[in-house]
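# Summary of the model geometry
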Amino acid sequence: GSVRRRGVVDMATEGDVELELETETSGPERPPEKPRKHDSGAADLERVTDYAEEKEIQSSNLETAMSVIGDRRSREQKAKQEREKELAKVTIKKEDLELIMTEMEISRAAAERSLREHMGNVVEALIALTN
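Under the annotation held in an unreviewed UniProt entry, the protein carries the name Huntingtin interacting protein K and is attributed to Myotis lucifugus.

In structure tokens form, the structure reads like this:
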């Protein structure tokens with residue numbers, strides 16, 4: 001038991017990928033440990049090994065997580081583009097836009113965006129900007 005594990009821990013710290021993958025597959029089916037009364041160092045070694053196994057599993061799930069994030073990003077981008085089209089359709093008054101710019105001391109683009117988001121309602125746009 002403990003001799004083999006010691007070697008695995010050393011390899012894992014060196015970043016030997018092939019060996020790490022082997023430990024990942026054999027990890028869950030490990031036979032239950034027999035209680036050791038005399039070997040106090042074994043418990044510490046156990047903790048180090050568990051950490052190494054967790055790290056390996058996380059790295060194998062990284063690619064999956066990245067692809068999920070990528071999918072979500074492209075969906076969000078599409079939703080943003082749709083929202084921009086909707087906002088562009090909103091008619092806003094020039095005087096409302098100038099009022100927001102002077103009152104809030106913000107750029108024309110920021111004022112226009114807020115106004116469009118509130119369907120051209122200058123009062124709601126101003127309230128949203130003050131909150």
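Now that the structure has been shown, we can carry on.
### Details of the overall build of the protein
Across its full length, the protein carries six helices and zero strands. When the helices and strands of the protein are placed in sequence order, the string is α-α-α-α-α-α. When the 131 residues of the protein are sorted by exposure, 21% land in the buried category. Here the analysis covers contacts within the protein between residues at least 6 apart in sequence; of these, 50% occur between residues at least 24 apart.

### Digging into helix α6 (residues 122-130)
Taken residue by residue, α6 has V122, A125 and L126 as its buried positions. An end-on view of α6 places all buried positions within 95° of arc, on one side of the element. Contact partners of the buried residues in α6: α4 (94-104) and α5 (108-117).

### Side note on the pattern of salt bridges
On inspection of all chains with the given rule, the structure shows six salt bridges. Here E112 makes a salt bridge to R116, at a shortest N to O gap of 3.0 Å. Here the residue E112 and the residue R116 both occupy positions in helix α5, the gap between them amounting to four residues, near one helical turn. With a relative accessible area of 25%, E112 lands in the partly exposed category. On the basis of relative accessible area, R116 is assigned to the buried category, the value being 17%. In the salt-bridge network here, residues are joined through shared partners; they are E84, R113 and E117.

### Structural notes on unusual backbone geometry
Phi angles above zero are rare outside glycine, and E105 is one such case at about 55°. The phi angle at M119 is positive, at roughly 55°, despite the residue not being glycine. Among the secondary structure elements, M119 is positioned in the loop between α5 and α6.

### Re a nonpolar patch on the surface
A contiguous nonpolar surface patch, about 300 Å² in accessible area, is contributed by L62, M66 and I69. The topology assignment puts L62 in helix α3 (residues 41-89). Looking at L62, the relative accessible area reads 51%, which means it is exposed.

### Some remarks on the nonpolar core
General note: in soluble globular proteins, nonpolar side chains tend to be found buried as a group. Within the largest apolar cluster, seven residues are counted, these being L97, I100, A111, L115, V122, A125 and L126. Elements that contribute at least two residues to this core include exactly α4, α5 and α6. At three residues, the largest contribution of residues to this core is made by α6. For A111, the contacting residues outside a window of four places in its chain are L97, I100, M101 and I106.

Conventions we followed
Residues numbered from 1 in each chain as written. Predicted model: local features only at pLDDT ≥ 70, side-chain atom pairs only at ≥ 80, totals over all residues. Heavy atoms only, no water. Helix = DSSP H or I, 4+ residues; strand = E, 2+ residues; numbered from the N terminus. Buried < 20%, exposed > 50% of the residue type's maximum accessible area, 1.4 Å probe, protein only. Contact = heavy atoms within 4.5 Å. Arc of directions from axis to C-beta. Salt bridge = Lys/Arg side-chain N within 4 Å of Asp/Glu carboxyl O. Patch = residues over 30% accessible without salt bridge, like charges linked within 9 Å, V, L, I, M, F, W, Y side chains within 5 Å. Areas by Shrake-Rupley, 256 points an atom, 1.4 Å probe, with all protein chains shown as cover. Core = buried A, V, L, I, M, F, W, Y, C linked by side-chain atoms within 4.5 Å.

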